[in-house]
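The residues making up each chain are set out below.
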Amino acid sequence: MTSFHLITDDEFARFSAVLRENGWREQDFELQEEELDQAEAEVENCTGQVGIRNLLTQAVEVYRLGPGWE
């Protein structure tokens, strides 16, 4: 499994469970986490975004990460 900085093990487990519930496999998706530079973003907490790509359809969605985002 890929090591993430902002995505917790619990969050990844929930993501995997939702995939299975909807008939998908983890191997069907690629996750790419990007941690935002705190100085540039002018925030004190770790924030970032995750891009999720469906390898079968090539559909991509980007979500915010960090406190206050779920």
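This text follows the structure it describes.
Conventions adopted
- Residues numbered from 1 in each chain as written.
- Predicted model: local features only at pLDDT ≥ 70, side-chain atom pairs only at ≥ 80, totals over all residues.
- Heavy atoms only, no water.
- Helix = DSSP H or I, 4+ residues; strand = E, 2+ residues; numbered from the N terminus.
- Contact = heavy atoms within 4.5 Å.
- Phe/Tyr/Trp six-rings, centres within 6.5 Å; stacked < 30°, edge-to-face > 60°.
- Buried < 20%, exposed > 50% of the residue type's maximum accessible area, 1.4 Å probe, protein only.
- Salt bridge = Lys/Arg side-chain N within 4 Å of Asp/Glu carboxyl O.
- Pairing = 2+ DSSP bridges.
- Axes fitted to C-alpha atoms, helices over the stretch in contact; angles between N-to-C directions.

1. Quick look at the side chain of Asn54
- Here Asn54 shows up in strand β2 (residues 48-54).
- Filtering out sequence-adjacent residues up to four positions away, Asn54 remains in contact with Trp24, Asp28, Phe29 and Ala59.

2. As for the packing of aromatic side chains
- The tally for this structure, following the rule as stated, stands at 3 aromatic pairs.
- Judged by centre distance (5.3 Å) and plane angle (75°), the rings of Trp24 and Phe29 are edge-to-face.
- Classification of Trp24 by relative accessible area gives partly exposed; the value is 31%.
- Clustering of aromatic rings is evident, with ring pairs tying together Phe12, Phe15, Trp24 and Phe29.

3. Observations concerning the pattern of salt bridges
- Inspection of the entire model under this criterion finds 2 salt bridges.
- For Asp28, the salt bridge is made with Arg25, and the minimal N-O distance between the two is 2.9 Å.
- The partner of Arg53 in a salt bridge is Glu30, with the nearest N and O atoms 2.9 Å apart. On the criterion of sequence distance, the pair formed by Arg53 in strand β2 and Glu30 in strand β1 (residues 29-35) is long-range, its members being 23 residues apart.

4. As for the sheet that holds β2
- Ordered by their spatial adjacency, 3 strands build an open sheet running β1-β2-β3, and the pairing between neighbours is antiparallel. Bordering the open sheet on either side are β1 and β3 (60-65), each of which pairs with just one other strand. Ignoring strand direction, the axes of neighbouring strands in this sheet form an average angle of 20°.

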